[in-house]
Amino acid sequence: MIAAEGKRVHNGDGEQWILRLYVAGQTPKCLTAFANLKKICEEHLAGQYRIEIIDLLVHPELAKGDQILALPTLVRKLPEPVKKIIGDLSNTEKVLVGLDIRPFK
Amino acid sequence: MGVTGRAKRGKTEGPILKKCSTGIKGLDEITGGGLPQGRPTLVCGGTGCGKTLLAMEFLLRGALNYGEPGVFMSFEEKPDELVQNYASLGFDLEGLVAQHRLVLEYVYIERSEIEETGEYDLEALFIRLGHAIDSIGAKRVVLDTVEALFSGFSNESILRAELRRLFRFLKSKGVTAIITGEQGERTLTRYGLEEYVADCVIFLNHTVSDQIATRHLRIIKYRGSSHGTNEYPFLIDQQGFSVMPITSLGLDHPAFTERISTGIPRLDTMLGGEGYFRGSSILVSGTAGTGKSSMAAHFVDGACSRGERCLYFAFEESQNQIIRNMRSIGIDLEQWVKKGLLRFHNTRPSLYGLEMHLVALHKEVERFDPAVVVVDPISNLVTAAAPKEVKAMLSRLIDYLKLKRITAFCTDLTSAGGGILEQTEVGVSSLMDAWLLLQNIEGSGERNRGLYILKARGIAHSNQIREFFLTDRGIALRDVYVGPGGVLTGTARIAQEARDAAASTLHRQEIERKQRELERKKKTVDAQIIALKTEYELEREELQQAVAQERLRDDVVMKESMEMARARQADAVPTTAGGKQGRGGRKR
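Residues numbered from 1 in each chain as written. Chains lettered and ligands numbered in written order. Predicted model: local features only at pLDDT ≥ 70, side-chain atom pairs only at ≥ 80, totals over all residues. Heavy atoms only, no water.

Caption draft 1: Main features of the overall build of chain A. Along the backbone of chain A there are 4 helices and 4 strands. Counted from the first residue to the last, chain A has its helices and strands arranged as α-β-α-β-α-β-β-α. Here chain A, with 105 residues, has 47% of them falling under the buried criterion. Counting only contacts in chain A whose residues sit at least 6 apart along the sequence, the fraction spanning at least 24 positions is 62%. Total accessible area on chain A stands at roughly 5,300 Å², and carbon and sulfur atoms take up 56% of it. (Helix = DSSP H or I, 4+ residues; strand = E, 2+ residues; numbered from the N terminus. Buried < 20%, exposed > 50% of the residue type's maximum accessible area, 1.4 Å probe, protein only. Contact = heavy atoms within 4.5 Å. Areas by Shrake-Rupley, 256 points an atom, 1.4 Å probe, with all protein chains shown as cover.)

Given below as structure tokens:
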């Protein structure tokens, strides 16, 4: 399974994964989510991802575009289709499934 | 005691609950001014009952009439769908959005696209809502319907906590909010939103009976305010939402002492000589063909002749048909139509629901501003709804008309053969101030029309049953003969009249005969008196003669005795005294 992902990574040009994390200020949940995301990406997508952090307290108007309701929300902008994962990303297994990094067993 | 009293007074005099006018016809009346300002209100009901429309109209009226911008957060319909839907009601949503008087915030939730992992909250929803409110300085907010969140997120405990926070958030923002909720099976809303929104709950429902749909609105709860508790019918038409309060008008309408003619002089006489009270409600009931419409036409004709405006709601006949028919009894209604004094409004009762009729009536009355309104017949409205609702509707109509100083003239068709004439089809008689009963009086092979004033509040009215004719010069009232066999009308009455005439001739003759006899008797008596007198005269003469003879003889006797005494020369006899004495003694 990881091999399959690895193949995709090799075909890419280094930034195949664009992940956008919506937060509202530095709340514990948001900080946890960011730390978890970072860890997962480093483990599974090293070198092929970019994380964008959007703080809705600074840019509230941006919530509309991605239809964000819950925080924190992780949006997989690329590769398509767009996927959303809400929560502090503490369940790594679910995050991997949600981001399609690892399919259901 | 004193403390609570002061507290109570403080409540009413101090900062009482401010209300936010919805601008929706009727709703402000039953809520006593509108929704609680700065608080959320829950509007719940089944599918298609008009929740979204109520909410949207609240926002639009706020933006258009009260200068209060609004945010519509939709969880179901997309902005372009909303724009389309409300364009048909004459609202330009896009224009309002462009003018920053309205924000349409669409929230899209798709469960399948969301994966949940770990802790989260709905802060982004708050941020979006807060941003939308702040961007235009909104005073009104609608969330339609926030329950969609329950389908989007699986963690209900988080959701419930967040909802509670949401309502606190709305309150802290100071916005007047409407939250809509779908009706649950046993609960007001499927997800128990009523737990969170505790200030004001409005329930809408939509019932269909006899294929005619009626919408109802009820205020289940309104904290800190009195409100109407009934189910109020409401309707949605081209002008949007309108609620028809039944009792909000109350019974405090002014009473007028001015009287207006019935249009039939003899009927005026029966009603204390002056006719009906202005602004009262008059009911004319009767079976088919008893002349109800003719009575109405007379009344209209009379009113128009005085220069008053009349509005005629016809539920059975067309305008031309009424004009033609009334011409046959010598009433020309067309002239009034041409002069603009009379207006017909013809509709089939089954065309639309009852509340729609009521609104149509209201609108026509508002537009035409009449002095007299005729509803012919009210019984036909029964086909549009249940009798109870018709009664409610009519009581509202009558209240409304009374308030506007309009005299209401209603006709009511009672079903023949039931035998209960003194009962209206829709049971509205108690609402009416005057009630005329028209009746077919059957007898001797014919049917004749009878009229009776069953009641006339505040009028000393005649208790007599009158027969009336529809002549080519209108309605003509006749006296009714009440004979031993019942009421006599028609030819029976004419026969009775002839019999009466004959009887009176006979009676007159009898008197004359008696008088003649008296004369005769007098003459007889007179003759007898004369005869007796003659007899008396005769007797008297005889007696006088006898008396004279006796006297003569007395003298002769006296003379003889004196002669004898003188001749005998016995003693000196006193000539006169002795003679007198002797005569007296003999007489005695």
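Caption draft 2: Here's a closer look at the interface of chain A and chain B. In this complex, chain A contributes 26 residues to the contact, which on the side of chain B involves 24 residues. For the chain A and chain B pair, buried surface summed over both sides reaches about 2,100 Å², with 60% attributable to carbon and sulfur atoms. Sorting the residues of chain A by area buried against chain B places Gln-67, Leu-69 and Ile-86 of chain A first, and these three jointly supply 33% of that buried surface. Taken together, the connections running from chain A to chain B amount to 2 salt bridges. The partner of Glu-105 of chain B in a salt bridge is Lys-64 of chain A, with the nearest N and O atoms 3.6 Å apart. Applying the counting rule to chain A against chain B returns 17 residue pairs in polar contact (both at pLDDT 80 or more). Sorting the residues of the side of chain A that touches chain B by element identifies helix H3 (62-65), strand S4 (83-86) and helix H4 (92-98) of chain A as the ones contributing at least two each. Of the residues belonging to the side of chain A that touches chain B, the class tally is 14 nonpolar, 5 polar and 7 charged. (Buried area = accessible area lost by both parts, 1.4 Å probe. Salt bridge = Lys/Arg side-chain N within 4 Å of Asp/Glu carboxyl O. Polar contact = N/O pair within 3.5 Å; in protein donor to acceptor, adjacent residues only side chain to side chain. Nonpolar A, V, L, I, M, F, W, Y, C, P; charged D, E, K, R; others polar.)

Caption draft 3: Representation of the sheet that holds strand S6 (residues 114-116) of chain B within the structure. A sheet is described by the order of its strands in space; here 5 strands give the open sequence S2(A)-S1(A)-S3(A)-S4(A)-S6(B), paired in mixed fashion. The open sheet is flanked by strand S2 (49-55) of chain A together with S6 of chain B, the only strands paired with a single partner. Neighbouring strand axes in the sheet, compared pairwise and without regard to direction, differ in orientation by 20° on average. Pairing of strand S1 (residues 17-23) of chain A with S2 of chain A, which is carried by 7 bridges, proceeds in the parallel orientation. Within the sheet, the bridge partner assigned to Tyr-22 of chain A lies in S2 of chain A and is Ile-54 of chain A. Against the sheet, helix H2 (residues 28-44) of chain A contacts S1, S2 and strand S3 (73-78) of chain A, and its axis sits at roughly 170° relative to S2 of chain A. (Pairing = 2+ DSSP bridges. Axes fitted to C-alpha atoms, helices over the stretch in contact; angles between N-to-C directions.)

Caption draft 4: Structural view of the packing of aromatic side chains. Residue and element names in this part refer to chain B. Per the stated rule, a full pass over the model turns up 8 aromatic pairs over all chains. Each member of the aromatic cluster is reached from another via a ring pair, and the members are Tyr-276, Phe-299 and Phe-409. It is Arg-165 that lies over the ring of Phe-126; its NZ or CZ is 4.2 Å from the centre. Lying across the ring of Phe-277, Arg-259 places its NZ or CZ 4.8 Å from the centre. (Phe/Tyr/Trp six-rings, centres within 6.5 Å; stacked < 30°, edge-to-face > 60°. Lys NZ or Arg CZ within 6 Å of the ring centre and 35° of its normal.)

Caption draft 5: Region of interest: the side chain of Thr-189 of chain B. All names here are of chain B. Along the chain, the position of Thr-189 falls in the loop between strand S8 (176-182) and strand S9 (200-209). Of the polar contacts made by the side chain of Thr-189, one reaches the backbone nitrogen of Gly-192; its length is 3.1 Å. Ignoring anything within four residues of it in the chain, the contact list for Thr-189 reads Leu-42, Cys-44, Glu-147, Gly-181, Glu-182, Gln-183, Gly-184 and Glu-194.

Caption draft 6: Structural context of the sheet that holds strand S16 (residues 310-314) of chain B. Residues and elements named next belong to chain B. Spatially, S17-S16-S18-S19-S15-S20-S21-S22-S23 is the arrangement adopted by the 9 strands of the open sheet, whose pairing is mixed. With partners counted over all chains shown, the strands left at the sheet margins are strand S17 (342-346) and strand S23 (474-479), one partner each. Strand-to-strand twist in this sheet, taken as the mean axis angle between neighbours without regard to direction, amounts to 25°. With 5 bridges joining them, S16 and strand S18 (residues 372-376) adopt parallel strand pairing.

Caption draft 7: A look at the pattern of salt bridges. The final tally for this structure, using the stated rule, is 34 salt bridges over all chains. Residue Lys-29 of chain A pairs with Asp-121 of chain B through a salt bridge whose shortest N-O separation is 3.5 Å. Of this pair, Lys-29 of chain A sits in helix H2 while Asp-121 of chain B is found in the loop between S6 and helix H6 (123-136), placing the two residues in two different chains. Of the charged contacts, one joins Arg-457 of chain B and Asp-433 of chain B as a salt bridge, the two residues approaching to 3.1 Å between their closest N and O atoms. With Arg-457 of chain B in the loop between strand S21 (446-456) and strand S22 (466-471) and Asp-433 of chain B in the loop between strand S19 (407-413) and strand S20 (434-443), this pair connects stretches of sequence that are 24 residues apart. Exposure remark for Asp-433 of chain B: the relative accessible area of 12% places this residue in the buried category. Within the structure, one salt-bridge network assembled from shared partners comprises Arg-20, Arg-50, Glu-52, Asp-66 and Lys-77 of chain A.

Caption draft 8: Molecular detail of the packing of H6 of chain B against helix H8 (residues 156-173) of chain B. Residues and elements named next belong to chain B. The contact between H6 and H8 brings their axes to 11 Å, and the two run at 20°. In terms of orientation, H6 lies roughly parallel with respect to H8. In this structure, H6 meets H8 at a crossing whose hand is right-handed. Residues Glu-123, Phe-126, Leu-129, Gly-130, Ile-133 and Asp-134 of H6 pack against Glu-162, Arg-165, Leu-166, Phe-169, Leu-170 and Lys-173 of H8. Of the residues belonging to the contact of H6 with H8, the class tally is 6 nonpolar, 1 polar and 5 charged. (Parallel < 35°, antiparallel > 145°, perpendicular 65-115°, else oblique. Left-handed = near helix turned anticlockwise from the far one by under 90°.)

Caption draft 9: Local environment of helix H15 (residues 490-568) of chain B. All names here are of chain B. Helix length check: H15, at 79 residues, gives a terminal C-alpha distance of 116 Å against a target of 117 Å (1.5 Å per residue), a fit within 8%. Every buried residue of H15 is accounted for by Gly-490, Ala-492, Arg-493 and Gln-496. Positive phi appears at Gln-569, one or two residues downstream of H15, with a value of about 55°. (Expected span 1.5 Å × (residues − 1).)

Caption draft 10: How the structure looks around the packing of helix H13 (residues 354-368) of chain B against helix H14 (residues 387-403) of chain B. Residue and element names in this part refer to chain B. Two numbers describe how H13 lies on H14: the axes approach to 10 Å, and their chain directions differ by 15°. Relative to H14, H13 is oriented roughly parallel. Viewed along their axes, H13 and H14 form a crossing whose handedness is right-handed. Here Leu-354, His-357, Leu-358, Leu-361, His-362, Val-365 and Glu-366 of H13 come into contact with H14, specifically with Glu-389, Val-390, Met-393, Arg-396, Leu-397, Tyr-400 and Leu-401. Broken down by class, the residue content of the contact of H13 with H14 amounts to 9 nonpolar, 2 polar and 3 charged.

Caption draft 11: Fine view of the pairing of S18 of chain B. Residue and element names in this part refer to chain B. For S18, the buried fraction is high: 5 of the 5 residues fall into the buried class. Of the two faces of S18, the one holding Val-372, Val-374 and Asp-376 and the one holding Val-373 and Val-375 are both buried throughout. Taken together, the 4 bridges between S18 and S19 define a ladder with parallel strand orientation. Along S19, the bridge assignment pairs Val-373 with Ala-408.

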